[in-house]
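# Observations on chain architecture
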Amino acid sequence: MNSKVFLNILLSLLMSCHIYAINVNIDTTKIHSVVNEKFINVAIDSGIVKNHWEKFRPNSTRVKTLAAGLAPSYMRVGGTGADFLIFVNDKLSTSKTSYKSLKNEDSTRSQQKLKIGNAAANVMEMEIQRRRKRDVGYYDEPFTNFTMTASFYDQIHKFVSSVGWDLIFDLNSLLRKPSGAWDATNAIELINYTVQSGYKMGGWELGNEPDEYADPTINKPVQPEQLAKDFVYLRKLARGYPSFSDCEILGPSIAAMASYWRKGFFYSFLSSGGGEAVTAATFHQYYEDGAVAKLEDFYNPDILNILYDEIQTGVNLTRAAGSRAKVWLGETSSAWRGGAPGLSDRYVAGFMWLDKLGMSARDGIDALIRQTFYGGHYSLLDHETCDPNPDYWLTLLYKLLVGNKVLRVTSPDSRGKVRAYAHCTETRKSGYSAGSLTVYVMNLDQSPVSIEFPKFSSSTKFDVYNMLGKENSILSHYVDLNGVTLQLVDDKTLPDLLRPVTTTSTVSIPAMSYSFIVIPDAQLPVCM
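## Digging into the state of the cysteines
Summed over all chains, the structure comprises one disulfide. For Cys424, the disulfide goes to Cys527, at an S-S distance of 2.0 Å. Torsion about the S-S bond of the Cys424 and Cys527 cystine: about -75 degrees, corresponding to left-handed handedness. In this pair, Cys424 is assigned in strand β17 (residues 418–425) and Cys527 in the segment after β25 (513–519), connecting sequence segments 103 residues apart. Given a relative accessible area of 5%, Cys424 falls into the buried group. Classification of Cys527 as buried rests on a relative accessible area of 10%.

## Topic: the sheet that holds strand β19 (residues 449–452)
Backbone-to-backbone hydrogen bonds join strands into a sheet, with any given pair of strands oriented parallel or antiparallel. Read across the sheet, three strands follow the order β1-β19-β24 without closing on themselves; strand pairing throughout is mixed. The open sheet has two free edges, formed respectively by β1 (20–23) and β24 (507–509), since each of these has just one partner strand. On average, adjacent strands in this sheet sit at an angle of 30 degrees to one another, irrespective of strand direction. Sheet topology note: the β19/β24 ladder contains three bridges and is antiparallel. Note that in β24 the partner of Ile451 across the bridge is Val507.

## Looking at the environment of Leu488
Summarising the element assignment, Leu488 is placed in the loop between β22 (484–485) and β23 (501–503). Classification of Leu488 by relative accessible area gives buried; the value is 11%. Filtering out sequence-adjacent residues up to four positions away, Leu488 remains in contact with Arg62, Thr65, Leu66, Trp393, Thr493, Leu494 and Pro495.

## Here's the deal with helix α6 (residues 150–162)
With 13 residues, α6 extends 18 Å between its outermost C-alpha atoms, agreeing within 8% with the 18 Å of an ideal straight helix rising 1.5 Å per residue. Considered for burial, the residues of α6 that qualify are Ala150, Phe152, Tyr153, Asp154, Ile156, His157, Phe159 and Val160.

## Some details on the packing of aromatic side chains
Considering all chains together, one arrives at 31 aromatic pairs under this definition. Considering the side-chain rings of Trp182 and Tyr233, the 6.2 Å spacing of their centres and the 70 degrees angle between planes classify their relative orientation as edge-to-face. Of this pair, Trp182 sits in the loop between β8 (165–171) and α7 (185–196) while Tyr233 sits in helix α8 (residues 224–239), and the two are 51 residues apart along the sequence. Judged by relative accessible area, Tyr233 falls into the partly exposed class, the value being 38%. Plain terms: the ring middles of Tyr392 and Trp393 are 5.2 Å apart, the flat faces sit at 80 degrees to each other, and that makes the pair edge-to-face. An identical accessibility class is assigned to Tyr392 and Trp393; each is buried. One aromatic cluster is present, formed by Trp53, Phe56, Phe152, Phe159, Trp165, Phe373 and Tyr374 through successive ring pairs. The ring of Tyr74 has Lys38 lying over it, and the distance from NZ or CZ to the ring centre is 4.3 Å. A cation over a ring is seen here: Arg370 above Trp353, with NZ or CZ 4.7 Å from the ring centre.

## So, the pairing of β19
Pairing between β1 and β19: four bridges, direction parallel. Bridging across to β19, Tyr20 finds its partner in Val449.

## Notes on unusual backbone geometry
Following Ala71, the chain continues into Pro72 via a peptide bond in cis, with omega recorded as 0 degrees. Among the secondary structure elements, Pro72 is positioned in the loop between α3 (61–68) and β5 (73–78). The phi angle at Asn482 is positive, at roughly 50 degrees, despite the residue not being glycine. Summarising the element assignment, Asn482 is placed in the loop between β21 (479–481) and β22. Residue Asn482 is classed as partly exposed on the basis of its relative accessible area of 23%. At Gln523, a position not held by glycine, the phi torsion is positive, near 50 degrees.

## Here's the deal with the pairing of strand β20 (residues 462–469)
For a regular strand, side chains alternate in direction, first toward one face of the sheet and then toward the other. Most of β20 sits out of view: eight of its eight residues are buried. Of the two faces of β20, the one carrying Phe462, Val464, Asn466 and Leu468 and the one carrying Asp463, Tyr465, Met467 and Gly469 are both buried. By the bridge criterion, three bridges tie β20 to β23 in an arrangement that is antiparallel. Each residue of the ladder has a partner; that of Asp463, found in β23, is Thr502. Across three bridges, the pairing between β20 and β21 is antiparallel. Among the inter-strand pairings, Met467 is bridged to a residue of β21, identified as Leu481.

## So, the packing of helix α12 (residues 349–363) against helix α13 (residues 390–401)
Their axes nearest at 10 Å, the elements α12 and α13 cross at an angle of 30 degrees. By the angle between their axes, α12 is roughly parallel relative to α13. You can see that α12 and α13 cross each other, and the crossing is right-handed. Residues Ala349, Gly350, Trp353, Leu354 and Leu357 of α12 touch α13, and the partners they reach there are Asp391, Leu394, Thr395 and Tyr398.

## Things to note about the pattern of salt bridges
Taken as a whole, this structure holds 25 salt bridges when the rule is applied. For the salt bridge of Asp170 with Arg76, the shortest nitrogen-to-oxygen distance reads 3.4 Å. With Asp170 in strand β8 and Arg76 in strand β5, the pair connects residues that are 94 residues apart, well separated along the chain. The exposure class of Asp170 is buried, given its relative accessible area of 1%. Asp211 serves as the salt-bridge partner of Arg262, at 2.5 Å between the closest nitrogen and oxygen. Of the two residues, Arg262 sits in helix α9 (residues 260–277) while Asp211 sits in the loop between β9 (203–206) and α8, which places them 51 residues apart along the sequence. Looking at Arg262, the relative accessible area reads 18%, which means it is buried. One network of salt bridges, in which partners are shared, links Arg76, Asp170, Glu205 and Glu331.

Parameters at a glance
Residues numbered from 1 in each chain as written. Predicted model: local features only at pLDDT ≥ 70, side-chain atom pairs only at ≥ 80, totals over all residues. Heavy atoms only, no water. Disulfide = S-S within 2.5 Å. Helix = DSSP H or I, 4+ residues; strand = E, 2+ residues; numbered from the N terminus. Buried < 20%, exposed > 50% of the residue type's maximum accessible area, 1.4 Å probe, protein only. Pairing = 2+ DSSP bridges. Axes fitted to C-alpha atoms, helices over the stretch in contact; angles between N-to-C directions. Contact = heavy atoms within 4.5 Å. Expected span 1.5 Å × (residues − 1). Phe/Tyr/Trp six-rings, centres within 6.5 Å; stacked < 30°, edge-to-face > 60°. Lys NZ or Arg CZ within 6 Å of the ring centre and 35° of its normal. Parallel < 35°, antiparallel > 145°, perpendicular 65-115°, else oblique. Left-handed = near helix turned anticlockwise from the far one by under 90°. Salt bridge = Lys/Arg side-chain N within 4 Å of Asp/Glu carboxyl O.

Shown next as structure tokens:
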């Protein structure tokens, strides 16, 4: 071996062993922003309704234990399938009342079925296939119109209420009158059934990615101005019931904040009355196509930074339209097309997820809805076994330690490979005292980093929760928390995640990992 080759190898070894020192500076004098108490929420795609839960087991004690761990939360039932879903009350024969708009039940229902059939027929097969490939590529069959019975709707409500969640339901927006206005007949039947059943609602949504309706393969566009009128009507309809007086109204739920057309649709909807009708202005966000995603994409700072511009655009357009609505990521995950197999359901996906949580909370997103709790490769639960995927444990720990008050963080690492976010600690679930501070850090580098906090003295105590892929593999399906592999104790019992490693020295973050650091004695007045 010649000397030049030897020196290059030696230099590489030394660099791989080098521990970078990073100062994390936090403005502890004021709260930067405050997010929703239900900041992290989950979704189950409407296609799961079509397929009668697939392999999801809503009555399973194990599934309920996992779900309840994430409470409080909204569960959105929506997505591409929402615009093909028809509610059918299979219990009308025993129902005391029908929906109030009916004078002649049999005649109206016959007319309704005709309208539904015509609307569904206008949804061309090519568009169904195209939308399926974009959003829900894990299904084996294309989307067509399908029915959801009242009995199945009961199952949804039974599940969400049993785990401490609230339901957000996405209504079919492709049911249209000859004038082009939304035909709310079927929605009214569903809403009235909800009221008659005494069900609590977290919110309503109307349609999924309406900016896609204009695609030439469907040729059934809904202009944003018309959609705004439809949402005004939906809000008036919902607010007509005392039990829905404070429920969320989400929209317009555009596919992405990525093109001139989509941005224009979003702005026009909000500025034409939609901004006053909705309680949260929503857009969807994914980083890339799951069919072509590569391992390194999940920790590439340039890809992670895509989100920043999208958030800024969404927030700025909402305010420019004169809307005071909150801004939500109404559907979001790592990669569309059902996620990236072998990536979106592994430890490495946590880099995208945790960075999204931090950036969203910091930059103006009030809440987000994770696609999905179950279904696809990007789900929190494995879509075959319903066992928790790594992002489930990450979400659970986040909810235990991270409060809704956000502090501003600056870091000198210009490479963007060390990313840090800070919040007041969640005290109700964690048991930490008011005034505590939680910082979560991602190290996207191939070398460990040493984290220092100049604002705090050298004797400050740090409680560290380090998450690593099992056997240090970023492709692991399992997660170690401070060296212990996370798994349910039994079907009724989650493991105790609040077992930190305590140190008074600088905090070391291993290569390619993420950690939560709680400073229990921070005694920050802004967090009291």
